[in-house]
Amino acid sequence: MLVKEYRICMPLTTEEYRVGQLYTISKHSHQESEKGEGVEVVKNEPHEDPIHGPGQFTEKRVHLSSKLPSWARAVTPRIFYITEKAWNYYPYTITADSHCLQCSFLPKFSIYIETKYEDNCGDSENIFHSDKILGDHEVSFLDIAFDEIPERYYRSLEDPRFFSSAKTGRGPLREGWRQHTKPIMCSYKLVSVKFEVWGLQTRVEQFVHKVIRDILLIGHRQAFAWVDEWCDMSLEEVRAFETQMQVATNQKLGSQHP
């Protein structure tokens with residue numbers, strides 16, 4: 001199992017990000033979903049936890065067949081998807097991705113992500129009380145403005161180095177922005193990836209972490225670049241938008257789920 005902690009700062013408050021995150025995930029999923037590929041929402045419903053209190057449970061199928069590298073496609077079936085289950089007790093969330101295939105011979109694969117959001121610049125140490133994890137894990141700070149993303153995902157309008165929000169007056173982000181920008185918040189994500197197949201484990205676990213890193217950078221860049229689209233929304237309004245996008249995206253995927 002390969003465990004890494006990612007810290008992604010944003011020029012937002014945690015309350016602002018709560019709305020921005022829901023908006024961005026819904027819009028991005030709809031944009032990226034193609035016929036038979038993309039993110040299909042199976043469940044999205046309130047959930048009560050005895051420890052964390054009221055929250056939201058979502059179950060999604062992330063269809064990946066055409067997104068895999070050639071070496072991975074060689075060991076997976078033509079129809080491949082991962083089931084993502086998430087429990088959102090903002091500002092704490094849990095996401096568990098599990099191999100969900102009818103082909104029982106396929107190897108075990110799992111991703112487990114814990115997330116905490118705080119109004120700081122990423123300087124909270126041991127926020128997950130990670131002594132429960134054997135050994136040390138790598139801590140990686142992701143900079144939405146200056147860390148590179150794959151060229152195919154680059155959009156100049158979504159580049160925080162050049163984007164300026166008309167409604168909030170935030171941006172562009174300059175070198176060292178995390179040290180002097182107000183407001184600022186941080187997404188702390190503890191990501192555990194496990195792929196128990198001899199000869200492929202290290203390669204697959206490292207590949208999955210690289211994909212997760214890219215997704216985190218792209219998603220957070222978009223959340224900031226789209227801030228003028230969502231900053232006036234209430235939580236109720238963004239939930240209604242989420243439902244609207246869920247229906248539209250599932251229809252786009254040819255899903256039978258309502």
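Above this note sits the structure.
Residues numbered from 1 in each chain as written. Predicted model: local features only at pLDDT ≥ 70, side-chain atom pairs only at ≥ 80, totals over all residues. Heavy atoms only, no water.

Caption draft 1: Focus on the overall build of the chain. In terms of regular secondary structure, the chain is built from six helices and eight strands. Counted from the first residue to the last, the chain has its helices and strands arranged as β-α-β-β-α-β-β-β-β-α-β-α-α-α. Here the chain holds 258 residues, and 50% of them are scored as buried. Across the chain, contacts joining residues at least 24 apart in sequence account for 71% of those joining residues at least 6 apart. Only carbon and sulfur atoms are counted for the fraction: they give 53% of the accessible area of the chain, which is about 13,700 Å². (Helix = DSSP H or I, 4+ residues; strand = E, 2+ residues; numbered from the N terminus. Buried < 20%, exposed > 50% of the residue type's maximum accessible area, 1.4 Å probe, protein only. Contact = heavy atoms within 4.5 Å. Areas by Shrake-Rupley, 256 points an atom, 1.4 Å probe, with all protein chains shown as cover.)

Caption draft 2: Representation of the state of the cysteines in the model. Evaluation of the coordinates by the stated rule reveals zero disulfides. Cysteine C9 shares no disulfide, and the gap to the nearest cysteine sulfur, in C186, comes to 4.1 Å. (Disulfide = S-S within 2.5 Å.)

Caption draft 3: Representation of helix α1 (residues 14-32) within the structure. Over its 19 residues, α1 extends 26 Å from the first C-alpha to the last, a length consistent with the 27 Å expected when each residue adds 1.5 Å. Within α1, burial applies to T14, Y17, V19, G20, Q21, L22, Y23, T24, S26, K27 and S29. (Expected span 1.5 Å × (residues − 1).)

Caption draft 4: View of the pattern of salt bridges. As enumerated under the stated definition, the model contains ten salt bridges in all. Note that K27 is salt-bridged to E229, the shortest N-O span being 2.8 Å. In this pair, K27 sits in helix α1 while E229 sits in helix α5 (residues 227-230), placing the two residues 202 residues apart along the sequence. Through salt bridges with shared partners, one network takes in E5, R7 and E125. (Salt bridge = Lys/Arg side-chain N within 4 Å of Asp/Glu carboxyl O.)

Caption draft 5: Geometry of the nonpolar core. With 49 residues, the main nonpolar core has M10, I111 and I212 as its most contacted residues. Among the secondary structure elements, those contributing two or more residues to this core are β1 (2-10), α1, β6 (109-118), β8 (185-195), α4 (201-225), α5 and α6 (235-252). Once residues lying within four places of it in the same chain are set aside, the contact partners of M10 are Y17, I144, W177, P183, I184, M185, H220, A223 and F224. (Core = buried A, V, L, I, M, F, W, Y, C linked by side-chain atoms within 4.5 Å.)

Caption draft 6: Summary view of the packing of aromatic side chains. The final tally for this structure, using the stated rule, is five aromatic pairs. Their ring planes at 15° and their centres at 4.5 Å tell us that Y23 and F241 sit as a pair that is stacked. Of the two residues, Y23 is situated in helix α1 and F241 in helix α6; the sequence distance between them amounts to 218 residues. On the accessibility criterion, Y23 (7% relative accessible area) is buried. Relative to F224, the ring of F163 has its centre 5.2 Å away and its plane inclined at 85°; by these criteria the two rings are edge-to-face. (Phe/Tyr/Trp six-rings, centres within 6.5 Å; stacked < 30°, edge-to-face > 60°.)

Caption draft 7: Main features of the packing of α1 against α4. Remark: α1 packs on α4, axes separated minimally by 9 Å, with the N-to-C direction vectors making an angle of 115°. As summarised for this structure, α1 and α4 are arranged roughly perpendicular, according to the angle between their axes. Relative to α4, α1 is oriented so that their crossing is right-handed. In this structure, α1 contributes Y17, G20, T24 and H28 to the contact, and α4 contributes I218, G219, H220, Q222 and A223. Grouping the constituent residues of the contact of α1 with α4 by class yields three nonpolar, six polar and no charged. (Axes fitted to C-alpha atoms, helices over the stretch in contact; angles between N-to-C directions. Parallel < 35°, antiparallel > 145°, perpendicular 65-115°, else oblique. Left-handed = near helix turned anticlockwise from the far one by under 90°. Nonpolar A, V, L, I, M, F, W, Y, C, P; charged D, E, K, R; others polar.)

Caption draft 8: The arrangement of the environment of Q201 in detail. Mapped onto the elements, Q201 comes out in helix α4. Residue Q201 is classed as partly exposed on the basis of its relative accessible area, which comes to 27%. Note: C-alpha distance between Q201 and L2 (199 residues apart in sequence) is 9.4 Å. For Q201, the contacting residues outside a window of four places in its chain are M1, F195 and E196.

Caption draft 9: View of the packing of α1 against α6. Remark: α1 packs on α6, axes separated minimally by 9 Å, with the N-to-C direction vectors making an angle of 15°. Overall, the two elements α1 and α6 adopt an arrangement that is roughly parallel. The hand of the α1/α6 crossing is left-handed. Judged by residue contacts, R18, V19, L22, Y23, S26, K27, S29, H30 and Q31 of α1 engage L235, V238, R239, F241, E242, M245, A248, T249 and K252 from α6. Considered class by class, the residues forming the contact of α1 with α6 number eight nonpolar, five polar and five charged.

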